[in-house]
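Inside the fold
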Amino acid sequence: MTASPLLPKKARPGAPDRTVPLVIYTVVTALLLFLALGDLVPGVKFPAVITSSLFLLFLGSLLLAFQWRANTVVKLVIAVAALLVIIPDIGRLNGSYFDLAIQMCIFAALALGLNIVVGQAGLLDLGYVAFFAVGAYLWGVFGSGQFQQIVKSDLPYTPLTVTAWLAPLLLAVVGAAGYAWMKGIDRAHPGAMKPKGPQRLARAVAVTLVVIGVVSALVFVATLVNAAITSYYSGHAAALVSLANGVNPNLFWLFIVLAVAAAAIVGVLIGLPVLKLKGDYLAIVTLGLGEVIRVFANNMTKYTNGPQGITSITTAPAPWLDSIAGSLKFQPEQFKLFFLYFLVLAVIAVVITVNVRLGNSNIGRAWVAIREDELAAQAMGVPLVRTKILAFATGASFAGVMGVVFAAKQQFISPESFSYFQSIGVLTMVILGGMGNIAGVILGAVVVTWINLSVLPGLSETIQSSFPGLNSNLDPAKYNRLLFGLVLVLMMLFRPEGLLPSTRQRLMMHENDDTDPADDSLNVDGAQGGALGTGATGMPDVRSPGLSPRSEDKRTGGKQ
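Reading the values: the criteria
Residues numbered from 1 in each chain as written. Predicted model: local features only at pLDDT ≥ 70, side-chain atom pairs only at ≥ 80, totals over all residues. Heavy atoms only, no water. Helix = DSSP H or I, 4+ residues; strand = E, 2+ residues; numbered from the N terminus. Buried < 20%, exposed > 50% of the residue type's maximum accessible area, 1.4 Å probe, protein only. pLDDT = per-residue confidence, 0-100. Contact = heavy atoms within 4.5 Å. Axes fitted to C-alpha atoms, helices over the stretch in contact; angles between N-to-C directions. Parallel < 35°, antiparallel > 145°, perpendicular 65-115°, else oblique. Left-handed = near helix turned anticlockwise from the far one by under 90°. Nonpolar A, V, L, I, M, F, W, Y, C, P; charged D, E, K, R; others polar. Core = buried A, V, L, I, M, F, W, Y, C linked by side-chain atoms within 4.5 Å.

By the naming in an unreviewed UniProt entry, the protein goes by Branched-chain amino acid ABC transporter permease and is assigned to Deinococcus aquiradiocola.

Written out as structure tokens, the structure reads:
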């Protein structure tokens, strides 16, 4: 087999050692970046677009350290120096690059979560941003004065009526009965891949009852918690005043854990009704369910402040980290970014570890099996329902965590922050980088975020300053959606496996590229030594002359 020119070059045991080029590249790009920022030569400062490009080139040293064959210690030193020393120092000189690096990490975690659902399990989810919104609103409500407004709206306290708590409790019990019914159906028909007739109807009813029961249980818990909070603050007016800026900021850490659970539960609720769908149908349904979350945020004005959004969202205090930042000559207004940068690095490390561990586990192999062939996976004993729900919940939990961090960094969230286009943007990152490959997904997130938040605004600023009277419709930042659409189309046409695909994805996409025909393959005239086996002629693969028909019925294997 001849290697395809489209395949990425990977470090092989026999590849030349590139330790010296790696060090030279890192040092040169770092020096150029500091020169562009005006830190080396007083009075010398490069335009924003060039500085932004140098920043991306410097980040490329991390990719090269991962891809190239070089001394392991040198690789680690470069990675640690870049992430823990150089990037924070660049952020000290120019806070916008600190902000950009944090956004890159946030979207990298989102893309890694979506990569589990789309890249590993093969479930096309276009409503992924809904889980991001769940985490963001969870902390946004409690970490701002919005929580005080919610409590005030329920005062004076009125005791719960029996109907208020009994109805959701009864529905939750019905849901538990539905779950028991569903398990009974599965036990009565073991190994049934496609339930039919009454069995199929009964199972659909049971699943519906389970969904109703889970939602009712959540409503029941929320009702009791709301009653308890209102009852408490009705007798503690001073405590209510202290909620002007939200709950205690130290609870930020608790809400990170709660965001994981809340997003995972929403992932299960969204995943349950769509388990029987796949492909385009699944994409459309998840798109609709994702929009439901945004519409809820838009209309539940009492809790989310509607289209006006939630402002002045706080973050966790980190005085010891602030003192370190102060000793490193960071400005007080940069302390928050300093804290959030190291927080997202820690979260990214956890997310990557979880991805790697899951990918190498039975669960990861089950996801891949479902992606390749659901029926074959089920025949091999993979539980479809449980495995798919686990993929939805795991991907959603990553988005929930980053939603909390996003709300704390932006200090403002609104329903428009979680539109459908955010899901498409994250999907673009996964496809551009390479589905199924962690390094590729991170690369896609970095590149797309860089284009979206640095290149296009920089170009707009340069054009507006150079041509003050230019029509505002020619602003490049307004065409980011068009650009990402073009990126998706071009990637599908010329490099469907992504910039840095996984080995499995690369081989799958190029299994028929540059493959020499089998010795016993037929040519178009029916003689041996042809090219039918390469797929180049558009005919089905034929490896055995005279034994396989050219027109096969894929369902039965018989001749049509």
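Excluding glycine, residues mostly have negative phi values, and the peptide bonds linking residues are mostly trans. Phi is positive for Ser-312, which is not a glycine, with a value near 55 degrees. Position of Ser-312 relative to the elements: it lies in the loop between helix H12 (301-304) and helix H13 (319-327). The backbone phi angle of Gln-411 is positive, close to 65 degrees, even though this residue is not glycine. Within the secondary structure layout, Gln-411 lies in the loop between helix H17 (384-410) and helix H18 (420-433). On the accessibility criterion, Gln-411 (35% relative accessible area) is partly exposed.

It is worth spelling out the confidence of the model for the protein at this point. A low pLDDT means the predicted coordinates there should not be read in detail. In this model, the protein carries an average pLDDT of 81, and 87% of its residues clear a pLDDT of 70 or more. Per-residue pLDDT stays below 50 along residues 533-560; that stretch engages in 42 contacts with residues further than four places along the chain or on separate chains.

At a closest axis distance of 7 Å, the pairing of H18 and helix H19 (residues 438-466) adopts a crossing angle of 125 degrees. One element, H18, and the other, H19, form an angle in the oblique class. Every pair of crossing elements has a handedness; the one defined by H18 and H19 is right-handed. In this structure, H18 uses Gly-425, Thr-428, Met-429, Val-430, Leu-432 and Gly-433 to contact H19, whose residues at the interface are Gly-440, Val-441, Gly-444, Ala-445, Val-447, Val-448 and Thr-449. Here the residues of the contact of H18 with H19 are counted per class, giving seven nonpolar, six polar and no charged.

In this section: the nonpolar core. Grouped together as the largest cluster of nonpolar side chains are 120 residues, with contacts concentrated most on Phe-131, Phe-132, Trp-139, Ile-413 and Phe-418. For this core, the element with the most residues is helix H4 (residues 95-120), which contributes 18 residues. Setting aside anything within four residues of it in sequence, one finds Phe-132 in contact with Ile-106, Leu-110, Ala-399, Met-402, Gly-403, Phe-406 and Phe-418.

This part covers the packing of H4 against H19. At a minimum axis separation of 8 Å, H4 and H19 run at an interaxial angle of 135 degrees. Considered as vectors, H4 and H19 are oriented oblique to each other. For H4 against H19, the interelement crossing comes out right-handed. For the pair H4 and H19, the contacting residues are Leu-100, Gln-103, Met-104, Phe-107, Ala-108, Ala-111, Leu-112 and Asn-115 in the first and Ile-438, Val-441, Ile-442, Ala-445, Val-446, Thr-449, Trp-450, Leu-453 and Ser-454 in the second.

Attention now moves to the environment of Thr-387. Counting through the fold element by element, Thr-387 comes out in helix H17. For Thr-387, a relative accessible area of 6% puts it in the buried group. For the pair Thr-387 and Trp-367, spaced 20 residues apart in sequence, the C-alpha separation works out to 6.8 Å. Setting aside anything within four residues of it in sequence, one finds Thr-387 in contact with Ala-366, Trp-367, Ile-370 and Val-382.

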